[in-house]
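# Analysis of the macromolecular model
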Amino acid sequence: MSLRIAGGAVYDPANGVDGEARDVCIDGGSVVAELPDSAPRIDARGMVVMPGGVDIHAHIAGPKVNLARKLQPGDPIVPPAPETGERYALLGYTTVIEAAAPPLAARHVLAELRDTPMIDAALLILLGNNVMLFDLLKRDPARLRDAIAWWLESTGGYGVKIVNPCGVERWKAANGNVSSLDDEVLDVTPRRVIEGIATAVTELGLPHPVHVHCNNLGVAGNADTTLDTLRTLEGRRAHLAHLQFHAYGGDPGGRPRSRAPELAEYLGAHPEISADVGQVMFGDAVTMTADAPVSAMLRDVTGNPWVNHDTEVETGCGIVPFAYKERNYVHALQWGIGLELFLLSRDPWRLVLSTDHPNGGSFLSYPKLIRLLMDREFRNEQIKRANKRAIRATVLLDDLDREYTMSEIAIVTRAGPARLLGMMQKGHLGVGADADVTVYDDKPDREEMFALPRYVVKGGRVVVRDGELVERVEGSLLRSAPQFDDAIAGVLERDWRYSIGFRDYPVNEPWLLEPARRVG
Amino acid sequence: MPSRERATCGGCGLACTGIEVVDGATFAGACGLGEEWFAERLEPQPPLARVDGSETDLDAALDAATDLLLDAGAPLICGLTQTTIEAQRAALDIAEAIGAVVDSGASTLAFQELGASTATLGELSRAKLTVVWRADPETTHPRLKLHGQVVTVDPPKPAGAQGEVVALDSSDPVDALWTLRALVRGVAVTNDSPELAALAERLRGSPHTALLHDARDHLEALGLHALVRDLAPRSHIVTLRLRRDVNAAGAEDVLAWRTGHADGPDGGEFDAVMAVGPTRRRPTISVGWRPSEDARVAIATAAAGVHRAGFVHRLDGVPVPLYAPLPSDRPGDDEVLSAIAGRLG
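So, here's what we can say about the structure.

What counts as what
Residues numbered from 1 in each chain as written. Chains lettered and ligands numbered in written order. Predicted model: local features only at pLDDT ≥ 70, side-chain atom pairs only at ≥ 80, totals over all residues. Heavy atoms only, no water. Helix = DSSP H or I, 4+ residues; strand = E, 2+ residues; numbered from the N terminus. Rg over C-alpha atoms; globule rule 2.2 N^0.38 Å. Buried < 20%, exposed > 50% of the residue type's maximum accessible area, 1.4 Å probe, protein only. Areas by Shrake-Rupley, 256 points an atom, 1.4 Å probe, with all protein chains shown as cover. Lys, Arg positive; Asp, Glu negative; His and termini not counted. Charge placed at Lys NZ, Arg CZ, Asp CG, Glu CD. Polar contact = N/O pair within 3.5 Å; in protein donor to acceptor, adjacent residues only side chain to side chain. 1 Å grid on protein atoms, 1.4 Å probe; cavity = no way out; pocket = protein on both sides within 12 Å on 5 of 7 lines; lining within 4 Å. Points joined across faces, edges and corners; volume = space filled by probe spheres on them. Nonpolar A, V, L, I, M, F, W, Y, C, P; charged D, E, K, R; others polar. Salt bridge = Lys/Arg side-chain N within 4 Å of Asp/Glu carboxyl O. Pairing = 2+ DSSP bridges. Contact = heavy atoms within 4.5 Å. Buried area = accessible area lost by both parts, 1.4 Å probe. Axes fitted to C-alpha atoms, helices over the stretch in contact; angles between N-to-C directions. Phe/Tyr/Trp six-rings, centres within 6.5 Å; stacked < 30°, edge-to-face > 60°. Lys NZ or Arg CZ within 6 Å of the ring centre and 35° of its normal.

In this section: the overall build of chain A. A count of helices and strands for chain A gives 18 helices and 24 strands. In summary, chain A has a C-alpha radius of gyration of 22 Å against a globular reference of 24 Å for 520 residues, a match within 12%. Structurally, chain A occupies a C-alpha span of about 65 × 55 × 45 Å along its principal axes. Expressed as a percentage of the 520 residues in chain A, the buried residues total 68%. Summed over its atoms, the accessible surface of chain A is roughly 16,400 Å², and 47% of this surface lies on carbon and sulfur atoms. Averaging the positions of the 56 positive and the 71 negative side-chain charges in chain A gives two centres separated by 2 Å.

Residue and element names in this part refer to chain B. Here Asp214 shows up in the loop between strand E12 (208–213) and helix H8 (218–231). Owing to a relative accessible area of 17%, Asp214 belongs among the buried residues under this scheme. Only 2.5 Å separates the side chain of Asp214 from the side chain of Arg216, close enough to count as a polar contact. Side-chain polar atoms of Asp214 contact the side chain of Arg241, separated by 3.1 Å.

A few words now on the layout of surface pockets. Residue and element names in this part refer to chain A. In this structure, the second largest pocket spans a volume of roughly 620 Å³. Considering the residues around the second largest pocket, the lining is formed by 37 residues, among which Gly218, Met297, Leu298, Phe322 and Gln334 are closest to the centre. The element that contributes the greatest number of residues to the lining of the second largest pocket is helix H10 (residues 292–302), accounting for six residues. Considered class by class, the residues forming the lining of the second largest pocket number 18 nonpolar, 16 polar and three charged.

So, on to the pattern of salt bridges. Overall, the coordinates contain 72 salt bridges over all chains when judged by the stated rule. A salt bridge links Lys458(A) to Asp436(A); the nearest nitrogen and oxygen atoms lie 3.6 Å apart. With Lys458(A) in strand E20 (residues 455–458) and Asp436(A) in the loop between helix H15 (406–421) and strand E19 (437–441), this pair connects stretches of sequence that are 22 residues apart. Asp436(A) gets classed as buried once you look at its relative accessible area, which sits at 4%. Where Asp63(B) meets Arg343(B), a salt bridge forms, and the shortest distance between an N and an O atom there is 2.8 Å. In this pair, Asp63(B) is assigned in helix H2 (residues 58–71) and Arg343(B) in helix H10 (residues 333–344), connecting sequence segments 280 residues apart. Judged by its relative accessible area of 38%, Asp63(B) falls in the partly exposed class. Owing to a relative accessible area of 33%, Arg343(B) belongs among the partly exposed residues under this scheme. Through salt bridges that share partners, Asp120(A), Lys426(A), Asp434(A), Asp436(A), Lys458(A) and Arg517(A) make up one connected network.

What the rule picks out here adds up to 12 cavities of 30 Å³ or more. Counted as a void, the largest cavity has a volume near 120 Å³. Around the largest cavity, the lining is made up of 14 residues, and of these Gln82(B), Thr83(B), Trp289(B), Ala304(B) and Asp333(B) lie nearest the centre. Tallied by class, the residues present in the lining of the largest cavity amount to seven nonpolar, five polar and two charged. In this structure, the second largest cavity spans a volume of roughly 80 Å³. Of all the elements in the fold, those that place two or more residues in the lining of the second largest cavity are helix H3 (106–114) and strand E8 (120–126) of chain A. The element that contributes the greatest number of residues to the lining of the second largest cavity is H3(A), accounting for three residues. Grouping the amino acids of the lining of the second largest cavity by side-chain chemistry returns six nonpolar, three polar and two charged.

Another aspect to go through is the sheet that holds strand E5 (residues 54–55) of chain B. In sheet architecture, strand pairing relies on hydrogen bonds along the backbone and comes in two forms, parallel and antiparallel. Residue and element names in this part refer to chain B. Spatially, seven strands are ordered E5-E4-E16-E15-E14-E6-E7 in an open sheet, and the strand pairing comes out mixed. Where the open sheet ends on each side, the last strands, each with one partner, are E5 and strand E7 (101–102). In terms of strand pairing, strand E15 (residues 285–288) meets strand E16 (residues 297–300) through four bridges, oriented parallel. Paired with Ile285 across the two strands is Val297, which belongs to E16.

Looking now at the side chain of Asp75(A). Mapping Asp75(A) onto the fold places it in the loop between helix H1 (63–71) and helix H2 (81–90). No salt bridge forms around the buried Asp75(A); measuring N to O, its nearest opposite-charge neighbour Arg69(A) is 10 Å away.

Quick look at the interface of chain A and chain B now. Interfaces are frequently sized by the accessible area removed from exposure as the parts join. With 43 residues of chain A at the contact, the number on the chain B side is 46 residues. Contact between chain A and chain B buries roughly 3,700 Å² in total, counting both sides, with carbon and sulfur atoms accounting for 52%. Here chain A and chain B share eight salt bridges between them. Across the pair Lys70(A) and Asp253(B) runs a salt bridge, and its minimum N-O distance is 2.6 Å. Viewed at the interface, chain B and chain A are joined by 35 residue pairs in polar contact (both at pLDDT 80 or more). Only H1, H2, H3, helix H6 (167–174), strand E16 (306–310) and helix H18 (510–513) of chain A provide two or more residues apiece to the side of chain A that touches chain B. In terms of residue class, the side of chain A that touches chain B is made up of 18 nonpolar, 11 polar and 14 charged. By the bridge criterion, five bridges tie E16(A) to strand E8 (residues 115–119) of chain B in an arrangement that is parallel. By the bridge assignment, His309(A) is partnered in E8(B) with Thr118(B).

Residues and elements named next belong to chain B. Taken together, the three strands give an open sheet; going across it, the order is E1-E2-E3, and neighbouring strands pair in antiparallel fashion. Among the strands making up the open sheet, the edge pair consists of strand E1 (4–7) and strand E3 (26–28). Neighbour-to-neighbour, the strand axes of this sheet turn through a mean angle of 30°, independent of strand direction. Examined bridge by bridge, E1 and strand E2 (residues 19–22) share four bridges and lie antiparallel to one another. When the bridges of E2 are listed, Arg4 appears paired with Val22.

Here we take up the packing of aromatic side chains. Note on aromatic pairs: each is described by the distance of the centres and the angle between the planes. Residues and elements named next belong to chain A. Taken as a whole and assessed by the stated rule, the structure comprises 19 aromatic pairs over all chains. With 5.4 Å between their ring centres and 10° between their planes, Trp150 and Phe502 make a pair best called stacked. Of this pair, Trp150 sits in helix H5 (residues 144–155) while Phe502 sits in the loop between helix H17 (488–494) and H18; the two residues are 352 residues apart in sequence, bridging distant segments of the chain. Each ring, one from Tyr440 and one from Phe450, has its centre 4.6 Å from the other, and the planes form 55°; the classification is tilted. Of this pair, Tyr440 sits in strand E19 while Phe450 is found in helix H16 (residues 446–451), placing the two residues 10 residues apart along the sequence. In terms of burial, Tyr440 and Phe450 fall into one category: buried. Among the aromatic residues, ring-to-ring pairing joins Trp150, Trp151, Trp496, Tyr498, Phe502 and Tyr505 into one connected group. A cation sits over an aromatic face here: Arg255 above Tyr329, 4.1 Å from the ring centre. Over the ring of Trp306 we find Arg299; its NZ or CZ atom is 4.3 Å from the centre of that ring.

Residues and elements named next belong to chain B. Position of Asn191 relative to the elements: it lies in the loop between helix H6 (173–185) and helix H7 (194–205). Given a relative accessible area of 23%, Asn191 falls into the partly exposed group. Setting aside anything within four residues of it in sequence, one finds Asn191 in contact with Thr179, Leu183, Leu196 and Ala197.

Residues and elements named next belong to chain B. Along the chain, Val184 turns up in helix H6. Since its relative accessible area comes to 2%, Val184 is described here as buried. In this structure the C-alpha to C-alpha distance between Val184 and Arg204, which are 20 residues apart in sequence, comes to 6.3 Å. Excluding its chain neighbours within four sequence positions, the residues that come into contact with Val184 are Ala200, Leu203, Arg204, Leu227, Asp230, Leu231 and Arg234.

In short, shape yes, function no, at least from these values alone.
So this is what it looks like as structure tokens:
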């Protein structure tokens, strides 16, 4: 199918296009330079044209998402798989990263993705508490690289996620956690795990660097841990997940304050580091994380239903439904810190938009978040409604009057995430890019504008027209293609510690892995 | 050289991997329950397709099933717990096409109220105390390893129970659970059972506990989850429900991700019942390796795990592949269901 999207204001920051009226031509699923005049066209004059959105960090499929569905049947924050894909498409998002897939459950995650239409998806697999990798790190660190590649290849994975390294293992062993990068767990330390895995991921040349959920999430004073993690990573590329949750001052157990300015400063000065914000939005959320000790803390704070699921060898899982209230000091502070990070960010290419869906709020709240960034007046009204002590603990009232431009929004919602993920065919509209395009009416109310795209094109097909879903398309699995020494299989088989057989662990069912595209 | 094929056992919820099928007949490494499970699937099967008791070809049976489903005002799809995720997804395709109710066999009411703390099988080895609550894993899940000190509460068969046995004097296990909760919390309560008091002490003192049960009753499940919640701040405690059917967890999971809820219907009248595998209901359409003989349409498919591959979510939710160590010229139930879905779509 060919299509000319004619005369819209095109925002394609990866190609230096900043709102110029242009035609975007697509043919056979890709952006092309030219089309005959007779090709079908969409008249996009007066509209805004961007690449399809790319969500770098969300929880959309797999055991923990599904446990949350069972915990709260019908909750719109954790929609069923088909609706998840449709809702993303209706917002103009066409690529989503499932940011915490347990390798042992890869078949489950992939099966859910097969029932999640409309979007291309990729998995970050959880390796930061894998005790077999801990063993290799101690015994034969040179093998770590091959082992990580084996795990990616065995699960259809794209990238590597570390969540509270060593802390989750200590939780499963004894309800414990770690509090510093030098706490010893099974003769390794968080620092050693971070260094080892980050180095291995760098050496493998994966398209996305190691994706780190730091230790001490949510704890007052955790900015020290975050900065220690950053210094440990120094010189290596890395992506920090939901930075807002790791940007707190104060003392553990005490009242948190904001250290967002310091972290924004650090990020600005270190081009090898990127992050997504993990903005919290007032209203209902569901916290779900591999960081199970955090969930136990939330259980005790809220008294809400709590799910814990210990996953052998490699990870944990915790779920607690949650609501962020604007009058609550901590919640308002978290909200404020997220906005501080956005507004102080020097480089939108490296600090991109997320709510850590559904932890900080649903992805359905992205349009409101975009308005908070683009519309100072609206933001100031919202700031007035939030807990005043919390807001005073931030710099939001200190003339932080920045408004994101349309181009910056295009960067933090598509061009930036695609670049950080190393997905060269996503997030831009240059020739050869995937024909994933979103067309918005240029409405002054930016929330309304981004909530209801006029057209969404996925893989060259018009899937949304006038805000309605008009075609259901299947997405592709995006996988990395690491090269590794097959001899690692023998090493892993010899020391296999799972309750399922070594040969039964790798996913090889074609329907789970196709259609897929290798990246990098 | 004897031929050796790899298999996974579907004899219970454990879905043990690493079974070897030697010369297409011997199942090396399976327990008694597993050997029986494999042997049943090697028995001669009924004709591939029957409609109203008469043998027919597959196409005619598929057409008949499709017509029955289309004519139904209130169709139900049930069974599902002994087949693969692939077949469950295909069953959901049918349900979506005709608006059928799906019975996953699950009830998550207690889970919705409190959540749960659970673990995969490999994590159970950390337990210093394993409490078996009114279950008999030696019979139902022979390969399940119990770790640490083992206490069996109110075993269905006291003679064969593992570890120490705590009999419940009270006839109502829910009462006993509430007493246990009070004892664990240090709340004064009338309790005439020194054994229950001793169990409460052990639960309080155990740093790491596994609680295995097969509670299907809502209140009993709620009591167990509440007990776990009481203990969780002081002890790492995980529970595991000893589901019997190899893919009971998968039926619940697939329904949840496809529709946002996991539970079967609470009552209801249905004018057409399509069963995938065994069911307690009387099916109108029966699809499975040994379909119900009195169904109007009965399709005898290749048996998952012996003649047809796929995967299941074993009792702890972990996906495990089933293999097809032996050949079959029959279609799998997933293929039959997909063909019906195709006719409906």
